[in-house]
Protein chains: 2
Amino acid sequence: MHPSKESITLSGILYALSDPTRLALIQSLASKGAQSCGALSLPVAKSTASHHFRVLREAGIIQMQAEGTQFINSLRRDDLDSRFPGLLDAVLLASEVA
Amino acid sequence: MHPSKESITLSGILYALSDPTRLALIQSLASKGAQSCGALSLPVAKSTASHHFRVLREAGIIQMQAEGTQFINSLRRDDLDSRFPGLLDAVLLASEVA
DNA sequence: ACCAATGTTCGATTAAATTAGAACATAAGA
DNA sequence: TCTTATGTTCTAATTTAATCGAACATTGGT
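First things first, this report covers the structure right here in the doc. Small disclaimer: the values here were computed from a predicted structure and weren't measured.

**A few points about the relation of the copies chain A and chain B**
For the pair of chain copies, the relating transformation is a rotation about an axis with a translation along it.
(1) Moving on: For the match of chain A to chain B, the screw axis carries a shift of 0.0 Å, the RMSD comes to 0.0 Å, and the turn is 180°. Considering both components of the superposition, the chain copies are consistent with a two-fold axis.
(2) Moving on: When the interface residues of chain A are mapped onto chain B, 100% of them are again interface residues, pointing to one common binding face.

**Details of the interface of chain A and chain B**
(1) Moving on: In this assembly, 20 residues from chain A lie in contact with 20 residues from chain B.
(2) Moving on: Connecting chain A to chain B are 0 salt bridges.
(3) Moving on: Counting across the interface, chain A meets chain B through 0 residue pairs in polar contact (both at pLDDT 80 or more).
(4) Moving on: The set of elements that each furnish at least two residues to the side of chain A that touches chain B consists of α1 (10–17), α2 (20–32) and α5 (87–97) of chain A.
(5) Moving on: The biggest single contributor to the side of chain A that touches chain B is α5(A), with 7 residues.
(6) Moving on: Its residues assigned to classes, the side of chain A that touches chain B shows 15 nonpolar, 4 polar and 1 charged.

**Focus on the sheet that holds strand β2 (residues 62–67) of chain A**
Residue and element names in this part refer to chain A.
(1) Moving on: Ordered by their spatial adjacency, 3 strands build an open sheet running β1-β3-β2, and the pairing between neighbours is antiparallel. Two strands lie at the open edges of the sheet, namely β1 (35–36) and β2, each paired on one side alone.
(2) Moving on: Of the strand pairs in this sheet, β2 and strand β3 (residues 70–75) are connected by 6 bridges, and their pairing is antiparallel. By the bridge assignment for β3, Q65 is matched with I72.
(3) Moving on: Along the sheet, α2 contacts β1, β2 and β3; its crossing angle with β3, the most-contacted strand, is approximately 85°.

**Let's talk about the protein's contact with DNA strand C**
(1) Moving on: Every one of the 22 residues lining DNA strand C counts as a neighbour, but G38(A), S50(A), Y15(B), T48(B) and H52(B) are closest to it.
(2) Moving on: In this structure, a base nitrogen belonging to DNA strand C sits 3.0 Å away from a side-chain N or O atom of K46(A).
(3) Moving on: R22(B) is positioned with one of its side-chain polar atoms (N or O) 3.1 Å from a phosphate oxygen of DNA strand C.
(4) Moving on: Every element with two or more residues in the surface near DNA strand C is listed here: α3 (46–58) and β3 of chain A together with α3 (46–58) of chain B.

**Overview of the nonpolar core**
(1) Moving on: Formed by 56 residues in total, the largest nonpolar core has its most connected members in L17(A), I26(A), I61(A), L17(B), I26(B) and I61(B).
(2) Moving on: The residues touching L17(B), leaving out its near neighbours within four places in the chain, are L14(A), L23(B), I26(B), L56(B), I61(B) and V91(B).

**Quick notes on the environment of S31(B)**
(1) Moving on: Inspection of the secondary structure puts S31(B) in helix α2 (residues 20–32).
(2) Moving on: A C-alpha to C-alpha distance of 16 Å links S31(B) and A98(B), two positions 67 residues apart in sequence.

Definitions and limits used
- Residues numbered from 1 in each chain as written.
- Chains lettered and ligands numbered in written order.
- Predicted model: local features only at pLDDT ≥ 70, side-chain atom pairs only at ≥ 80, totals over all residues.
- Heavy atoms only, no water.
- Least-squares fit on C-alpha atoms with pLDDT ≥ 70 in both.
- Contact = heavy atoms within 4.5 Å.
- Salt bridge = Lys/Arg side-chain N within 4 Å of Asp/Glu carboxyl O.
- Polar contact = N/O pair within 3.5 Å; in protein donor to acceptor, adjacent residues only side chain to side chain.
- Helix = DSSP H or I, 4+ residues; strand = E, 2+ residues; numbered from the N terminus.
- Nonpolar A, V, L, I, M, F, W, Y, C, P; charged D, E, K, R; others polar.
- Pairing = 2+ DSSP bridges.
- Axes fitted to C-alpha atoms, helices over the stretch in contact; angles between N-to-C directions.
- Near = heavy atom within 4 Å.
- Core = buried A, V, L, I, M, F, W, Y, C linked by side-chain atoms within 4.5 Å.
- Buried < 20%, exposed > 50% of the residue type's maximum accessible area, 1.4 Å probe, protein only.

Right under this line is the structure:
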C-alpha cells in the first residue's frame, strides 16, 4: 500500500503533484500538519477524494494510518527529503508564491 | 508561443516534467547546454518529439529559437529560478539521483 | 445487536494525453 | 530552381486519468 522509500520515483512525484487538487492537499498537510481525509474537506465526491489520496500515497508522498473510523494523512517528509533533497520544500515554496 | 514569466504555473511545470521523456530532455539541456531538436535524438517519431517540445515550451520550461533550418532549445533558467526558486535545481538534482 | 461515521472499491462515463503517419512550411545549398 | 534538412501541423487511434454514484467494509457508540 505504501511504497518503500527506495521505490519512490521522481516522475511519480511530479505527476502526483501536477494536479491542483492534490497540490492543495499537500500544502494543507504541510502548513496545518496531519489531518484526516474528512478534515481536508475537498470540493469533490468522496470517491474522487479517495482517488486523490491513493495517488499521493502510491507516489510515496503521504502516508495514511487508521485511527478509529478515520484515516490520518501526513507527509512522508523524511523519506522525501532524503531521497530527493530540496524537492518538497521547493514545491511547497512555489505553491505559496503561485 | 512562449508564455510570459508571470504566466508560468507550478502545476504546468510539474505536469510537463512528470513525463520521463521530457524529463530526460531537460536533463540533457541542463548538462550539455542548448541543442537542436534533432541533436537530442529522442527514440520517438518526429511528430511525437515535436509534441514534447511544445509541452515544455508552453509550460515555460524551455525556449526555442529558429537557427537556419533548425530550432535551438534552451532552458529558461533565469525565469524559472526567479519565479520558483530552487525548483528546477531540485528536479535536476533528483533526476540525477534517480 | 443496531446504527452512524468514515473511507474504500467497483463500474461507468467523460475528458485529456500520447503516439504516429502523412502532408506541409521554411531555410540552406547545389 | 530543385532538392535536402529540419520541424510543425493535422488527423486519427490508443491509452490513461478524473469524476461520480452506489454498494461495501470497518470501527465506535447506543
